[in-house]
Amino acid sequence: LCHGHKVWGALLSGHKVRGDVTPMHLWPALSGAGITPRDRTLIARKVAAVRTFRPKKSVRTFRIMSSDRVPGVKTIAGAPVTQKVSAEAEAGASRLQRLIAMQRRATEKQQAHAEMLDMNRILHQKSASSTHASADKMVPSSGLLAQVRGELDARIDGQEAAKDVVARALRRQALGLSDAERPSRMLFSGPSGVGKTEMAMACCEALLGSCVPDRNFKRFNLSEFSHPSKFNRLTGGDPNYVGYKEGGELTNFIRQAEERRQKKRQGVPLHTSCVVLFDEVDRAAEGLLTFLMNFLDSGQLADGKGETVDATKALILLTTNVGREAIIDSGELTPVLPASTSGVTAHRALMMRIRSEVLREVCDGRWENLGRLGTIVPFGALELRGRRLIVERQLNNVGKRLQR
């Protein structure tokens with residue numbers, strides 16, 4: 001009876017009993033224990049379920065090899081994969097590297113050839129349209145001032161006093177007499193439409209032989225920087241902001257121009273790398289000159305990545321309408337002669353008045369910003385002769401377009 005209860009419990013609990021024991025052998029042992037026909041039916045079903053049970057086979061999972069464990073590729077931690085690469089795979093990788101290197105060299109050669117053709121085309125057009133010598137050629141110091149002044153006269157009508165000041169500043173830049181630790185800076189002050197922006201383009205052509213936008217000449221319309229949040233366009237966004245690794249418009253332009261100057265490519269003289277024009281500086285948001293203080297003082301400017309560009313060989317020009325009342329009240333501007341005491345006194349009084357207005361309207365009342373603007377060049381209102389020359393020049397340009 002005890003054996004019958006043990007076997008019954010084993011069957012009901014699902015444990016395996018002795019292999020020679022069958023349900024037919026169990027009925028006599030269990031009959032004396034008061035097993036009813038219903039219990040027999042349950043026991044039979046239990047035994048049948050135990051005998052027909054088949055355990056599920058374990059499903060083997062496959063893991064796709066990640067990119068950091070591919071043979072021949074370094075892991076995320078930086079350690080190389082220890083698995084050896086076959087000779088065929090190693091030969092294929094070496095061949096691919098050689099093809100990539102050949103393609104890179106061919107691309108660089110094509111870019112250099114395209115830049116050379118572009119510069120030759122510009123120089124050829126300049127030599128065909130003007131009889132003046134190119135500024136990148138070696139010119140004696142005695143004729144350099146006359147050459148620069150001739151370049152300015154060819155593009156600017158009137159403004160004799162302004163052209164004298166600018167020509168002397170450009171001569172110092174070309175001869176290397178300016179301060180080598182900071183860029184040359186000039187502020188053009190005067191009414192609108194008197195040739196301030198055109199003077200900046202003439203300076204670029206006189207120093208570099210040509211004026212090519214976004215290559216050796218860059219103009220920033222500061223009316224677009226009417227909010228301090230726009231200042232990052234010059235240097236690039238701060239770290240952790242989208243696009244901060246791309247750099248800014250000003251820093252990228254200075255870096256590329258300086259690289260061309262250092263490589264001594266054709267058409268880029270050693271004394272000047274580029275010309276940067278900040279147009280309408282009085283329309284910018286307050287704090288722009290403070291933002292560019294180090295750039296105007298020492299020619300150093302850091303981009304969003306923290307890399308510093310060198311602009312000591314650049315010519316920085318600024319234009320403003322501040323001081324136009326003082327210039328208009330003074331009448332026609334004439335070159336100041338050292339022997340003319342009255343002329344010197346009037347010129348000093350005019351410059352003092354312009355400086356005070358620039359200090360208040362442009363420099364936000366900060367004297368350190370005024371000192372970093374460099375030479376202030378006043379531009380007077382156009383007289384009748386200058387207006388007539390401008391009209392004649394425009395008519396000549398229209399005639400040339402009609403002849404094409």
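Residues numbered from 1 in each chain as written. Predicted model: local features only at pLDDT ≥ 70, side-chain atom pairs only at ≥ 80, totals over all residues. Heavy atoms only, no water.

This part covers the pattern of salt bridges. Oppositely charged side chains can form a pair if their charged atoms are brought close together. Taken as a whole and judged by the stated rule, the model has 22 salt bridges. Asp153 is paired through a salt bridge with Lys163; the nearest N and O atoms lie 2.7 Å apart. Taken together, the positions of Asp153 in helix 5 (residues 141-155) and Lys163 in helix 6 (residues 160-175) put the pair 10 residues apart, joining distant regions of the chain. Looking at Asp153, the relative accessible area reads 34%, which means it is partly exposed. Note that Glu357 is salt-bridged to Arg353, the shortest N-O span being 3.9 Å. With Glu357 and Arg353 both in helix 13 (residues 341-361) and four residues apart, this pair spans about one turn of that helix. Counted as one network, the salt bridges with shared partners bring together Arg149, Asp153, Glu160, Lys163 and Asp164. (Salt bridge = Lys/Arg side-chain N within 4 Å of Asp/Glu carboxyl O. Helix = DSSP H or I, 4+ residues; strand = E, 2+ residues; numbered from the N terminus. Buried < 20%, exposed > 50% of the residue type's maximum accessible area, 1.4 Å probe, protein only.)

Further remarks concern the state of the cysteines. The final tally for this structure, using the stated rule, is zero disulfides. Cysteine Cys203 is unpaired, with the sulfur of Cys204 as its nearest cysteine sulfur at 8.8 Å. Among the residues examined, Cys203 registers a relative accessible area of 0% and is labelled buried. (Disulfide = S-S within 2.5 Å.)

Attention shifts here to the environment of Gln262. Within the secondary structure layout, Gln262 lies in helix 9 (residues 249-262). Taking relative accessible area as the criterion, Gln262 reaches 55% and is therefore assigned exposed. For the pair Gln262 and Ser273, spaced 11 residues apart in sequence, the C-alpha separation works out to 8.8 Å.

This part is about the packing of aromatic side chains. For any two aromatic rings, the description comes down to two numbers: the centre-to-centre distance and the angle of the planes. Evaluated as defined, the whole model comprises four aromatic pairs. On the basis of an interplanar angle of 55 degrees and a centroid distance of 5.1 Å, the ring pair of Phe188 and Phe379 is categorised as tilted. Taken together, the residues span a long stretch of sequence, with Phe188 in strand 1 (residues 184-189) and Phe379 in the loop between strand 7 (375-378) and helix 15 (384-403) at a distance of 191 residues. By the burial criterion, Phe188 is buried, and Phe379 matches it. Ring centres of Phe220 and Phe278 lie 5.7 Å apart, and the angle between their planes is 20 degrees; on these two criteria the pair is classed as stacked. Taken as a pair, Phe220 in strand 2 (residues 217-221) and Phe278 in strand 3 (residues 274-279) lie far apart in primary sequence, 58 residues in all. Among the residues examined, Phe220 registers a relative accessible area of 2% and is labelled buried. Site record: aromatic cluster; members linked through ring pairs are Phe220, Phe278 and Phe295. (Phe/Tyr/Trp six-rings, centres within 6.5 Å; stacked < 30°, edge-to-face > 60°.)

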